[in-house]
Amino acid sequence: MDRPTRREFLKTGALAGLGALGGDLLGARATLAGEVPRLASAGLAAPVVIASRNGLRATERAMELLEAGSDSLEAVVAGVNIVEGDPEDRGVGYGGLPNALGVVQLDASVMHGPTRGAGAVAALEGFKHPSRVAMAVMQYTDHVLLVGEGAKRFALEMGFKEENILTDSARRRWLDWRAGLSPDDDYLTPEQSEEGVSGFGLLDAWEGRRRYGTINCCAVDAAGNLSGVTTTSGLSFKVPGRVGDSPIIGAGLYVDNDVGAVGSTGRGEAAIKSCGSMLIVERMRHGLAPVDACLEALRRIVRFTVEKRLLDEDGHPNFNVNFYAVNKRGEHGAAAIWSGSRYAVYDSKGNRLEDSAYLLERAS
Ligand code: GLY
């Protein structure tokens, strides 16, 4: 079997990329006829960690681990574990908003550049850290994606602890959403209830909007090795069983150790239909800067969005998609369909949020 053992996986994190980097710099690698181009690693500005806007704590932790010599995948997964475990982040892991039946179903994927490994879970119920289960799928099975009951069974077999991950606050937001679905059903909104707003009492800052909250985190280490992770509770109040882009390799995440790492947040259906992350890696392979590659994928999404229900009065998408990209040299960028997005980056200038590029300006 060609698959790396766990011990090999841990070793290659530190060593395989050095080989690739040395090969590039010395020009010692023979080129096969028709071989796909790779980015040269010369001028490497790594380590660099990037993440979605909610990922500043993830980039901080991942950089700390990279600087301590950790493997790039372990670093980014440990980073997003902080957000997965945070009940205040309603788009990820513990505290994530549930599906239409009030059940939290989580999606996640990981890719490890040096070993070309990939693992993912979808519609996983009852575990705070789906990214860890996705990593276990990569390391301990010959598969890439496990879903639903099978993913849960696997997680239990691997020793992950099943927990109630629906927080009281997320449950009450779901009750609000359900009560507002139809005036003709028997669920009362706080306004309809004789109890008034004291019924659920959670209409404060909550505007009733549905969300695609997600965290993506990608890193390139000092040797030029890349990894990435995307993890989410998906679209709030989704149809049970709905799977977004986050666990779909090539959509919500793609890593090619010769080129770069890309992830997405926002409307998963659009990232899936465009194979967005894969497309961006391919554009970077052929020389586009990360931000320009992200913008190109977004232009494609805009062009392909023709359904009336998804367009605003000006004919533009009424949703957002964000892409985040870092290449093998440590150059990074992010872009969104709509203005106002930011992304987290930790490089030689420190840990901060930067503005994402965009295609369309929101009216202020
Ligand atoms: N991008 C997250 C989702 O659509 O589920």
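Residues numbered from 1 in each chain as written. Predicted model: local features only at pLDDT ≥ 70, side-chain atom pairs only at ≥ 80, totals over all residues. Heavy atoms only, no water.

1. Points about the confidence of the model for the chain
Applicable threshold: Confidence of the prediction at every residue is given by pLDDT, a number between 0 and 100. By the convention used here, residues are in contact when the closest approach between their heavy atoms is within 4.5 Å.
Here the chain shows a mean pLDDT of 88. Residues at 70 or above account for 85%. Low pLDDT, under 50, characterises residues 6-28; the stretch is placed with 36 contacts to residues that sit more than four places away or in other chains. Every residue in residues 198-207 is under pLDDT 50, and counting partners more than four places away or in other chains gives 19 contacts.

2. Observations concerning the state of the cysteines
Using the following cut-off: Cysteine sulfur atoms that pair up within 2.5 Å are treated as a disulfide.
Counted according to the given criterion, the structure contains 0 disulfides. Not engaged in a disulfide, the cysteine C217 finds its nearest cysteine sulfur in C218; these two sulfurs lie 6.8 Å apart.

3. Thoughts on the site of the ligand
Note the cut-off: If a single non-hydrogen atom of a residue is within 4 Å of a molecule or strand, that residue counts as near it. Two N or O atoms count as a polar contact when they lie within 3.5 Å, although within protein this holds only if one can serve as hydrogen donor and the other as acceptor, and sequence-adjacent residues are included solely when both atoms are side-chain atoms. Using only the protein atoms, space was sampled on a 1 Å grid; points where a 1.4 Å probe fits but cannot get out form cavities, open sets with protein on both sides within 12 Å along at least five of seven lines form pockets, and lining residues are those with an atom within 4 Å of a point. In this scheme, a molecule is assigned to a cavity or pocket if more than half of its atoms are within 2 Å of the grid points.
In the neighbourhood of the ligand, the contacting residues comprise Y212, T214, G234, L235, R242, G244, D245, S246, G266 and G268. Between the ligand and R242, the relevant distance is 2.7 Å, taken from an oxygen atom to a side-chain nitrogen or oxygen of the residue. Contact between the ligand and G268: an oxygen atom at 2.9 Å from a main-chain N or O atom of the residue. The site holding the ligand turns out to be the largest cavity.

4. Notes on the sheet that holds strand β9 (residues 321-327)
The criterion, for reference: Pairing between two strands is assigned when DSSP locates at least 2 bridges connecting them. Only runs of H or I of at least four residues qualify as helices and only runs of E of at least two qualify as strands under DSSP, and these elements are numbered from the N terminus. What counts as an axis is a line fitted to C-alpha atoms, over the stretch in contact for a helix, and the angles between N-to-C directions run from 0 to 180 degrees.
Strand order across the open sheet formed by 5 strands is β7-β8-β9-β10-β13, with mixed pairing between neighbours. Whereas interior strands pair on both sides, the edge strands pair on one side only; in this sheet they are β7 (253-256) and β13 (357-360). Between one strand and the next, the sheet's axes are offset by a mean angle of 15°, whatever the strand orientation. By the bridge criterion, 5 bridges tie β9 to strand β10 (residues 332-338) in an arrangement that is antiparallel. Considered in β10, the bridge of V326 is made with H332. This element, helix α8 (residues 276-285), spans β7, β8 (260-266) and β9 of the sheet and lies at about 145° to β8. The strands that helix α9 (residues 290-304) touches are β9, β10 and β13; relative to β10, the one it contacts most, it runs at about 25°.

5. Let's talk about the pairing of strand β11 (residues 342-347)
Applied cut-off: Residue exposure (1.4 Å probe, protein chains only): buried if accessible area is under 20% of the type maximum, exposed if over 50%, otherwise partly exposed.
The buried fraction of β11 is high, at 5 of 6 residues. Pairing between strand β1 (residues 48-52) and β11: 4 bridges, direction antiparallel. Following the sheet pairing, V49 is matched in β11 by Y346. Pairing analysis gives 6 bridges linking β11 to strand β12 (residues 350-355), with the strands arranged antiparallel.

6. Side note on the pattern of salt bridges
The line we're drawing: For salt bridges, the criterion is a side-chain nitrogen of Lys or Arg within 4 Å of an Asp or Glu carboxyl oxygen.
Scanning the entire structure with this criterion turns up 18 salt bridges. Between R172 and D168 there is a salt bridge; the shortest N-O distance is 3.7 Å. Taken together, the positions of R172 and D168, both in helix α6 (residues 168-179) and 4 residues apart, correspond to about one turn of that helix. A relative accessible area of 43% means that D168 is categorised as partly exposed. A salt bridge links E354 to R352, with the shortest nitrogen-to-oxygen separation between them at 3.0 Å.

7. Side note on the pairing of strand β3 (residues 117-124)
Put simply, the test is: With strands facing away from the observer, any crossover in which the path from the first strand over the helix to the second runs clockwise is taken as right-handed.
Burial analysis of β3 places 8 of its 8 residues in the buried class, which makes it a mostly covered element. The pairing of strand β2 (residues 106-112) with β3 spans 6 bridges and is antiparallel. The residue of β3 that forms the bridge with M111 is A118. With antiparallel pairing between neighbouring strands as the criterion, β2 and β3 make up a hairpin whose turn holds 4 residues, including R116 at a positive phi of roughly 55°. Relative to strand β4 (residues 145-147), β3 is paired through 3 bridges, and the arrangement is parallel. Paired with A122 across the strands is V147, a residue of β4. For the crossover from β3 across helix α4 (residues 130-140) to β4, the handedness is left-handed.

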